[in-house]
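Geometric and topological summary
If you want the building blocks of each chain, they are given just below.
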Amino acid sequence: MKQLFTLIVALMSTVVLSAQQPYKVYCTLSAVHHGTNIASLSRVEVDYGQERMTKNYLVDEYGKAINYRSVTAAANDFAKLGWVLEDSYVVGEDNIRCIWVMSKMVTDDSEITEGFKTRHMIEHGE
């Protein structure tokens, strides 16, 4: 009886250990404000650690660039997808780039891009 119980516990432990444990992933959202007009915001770009960094601006379901009034608006959309703001900073003098570091808990890398598309992803069927 003890051997059967030990076997059951060992099997259950294996099942629990093989289940995916959540882990934290990161991305950055960035946008450029041109000159002194802080209201003139360019496209919001996302870097989630992908190899190719070309055309990584956010697009809608038709592949058209999404024009946000602020990085905050884009961050709010990402928050709805489970992303959390970790840090933010600004770089540049004439063209000010706002960068927001976001994180999310996932159990598989395929969850990183759930809910958003970039122009690159649309062009390459990702």
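Data block above holds the structure.
Being a predicted model, the structure only gives us computed values, none of them experimental.

1. Things to note about the overall build of the protein
Of the regular secondary structure elements, the protein holds three helices and six strands. Of the regular secondary structure in the protein, the N- to C-terminal order runs α-β-β-β-α-β-β-β-α. Sorting the 126 residues of the protein into buried and exposed places 30% on the buried side. The long-range share in the protein, meaning contacts at least 24 apart out of those at least 6 apart in sequence, stands at 57%. As displayed, the protein offers around 8,500 Å² of accessible surface, 56% of which is attributable to carbon and sulfur atoms.

2. Remarks on the pairing of strand 4 (residues 84-91)
Both strand 4 and strand 5 (residues 95-106) contribute to a ladder of seven bridges, which runs antiparallel. Bridging across to strand 5, Val-90 finds its partner in Cys-98. Linkage of strand 4 to strand 5, two consecutive antiparallel strands, is achieved through a turn of three residues, within which Gly-92 is found at a positive phi near 100 degrees.

Reading guide: rules and limits
- Here the residue numbers are simple positions, counted from 1 along each chain's written sequence.
- The model is predicted, so local features are restricted to residues of pLDDT at least 70 and side-chain atom pairs to those at 80 or more, both for listing and for counting; the totals for chains, interfaces and linings are taken over all residues.
- To get the side-chain values, take all heavy atoms of the structure and skip hydrogens and water.
- In this description a helix means any DSSP run of H or I spanning at least four residues, a strand means any run of E spanning at least two, and both kinds are numbered starting from the N terminus.
- Only protein chains enter the area calculation, which uses a 1.4 Å probe; residues under 20% of their type maximum are buried, those over 50% are exposed, and those in between are partly exposed.
- Contacts: residue pairs with any heavy atoms within 4.5 Å of one another.
- Every accessible area reported is derived by Shrake-Rupley at a probe size of 1.4 Å, with residue values counting cover from the shown protein chains alone.
- DSSP-based pairing: two strands are paired if at least 2 bridges between them are found.

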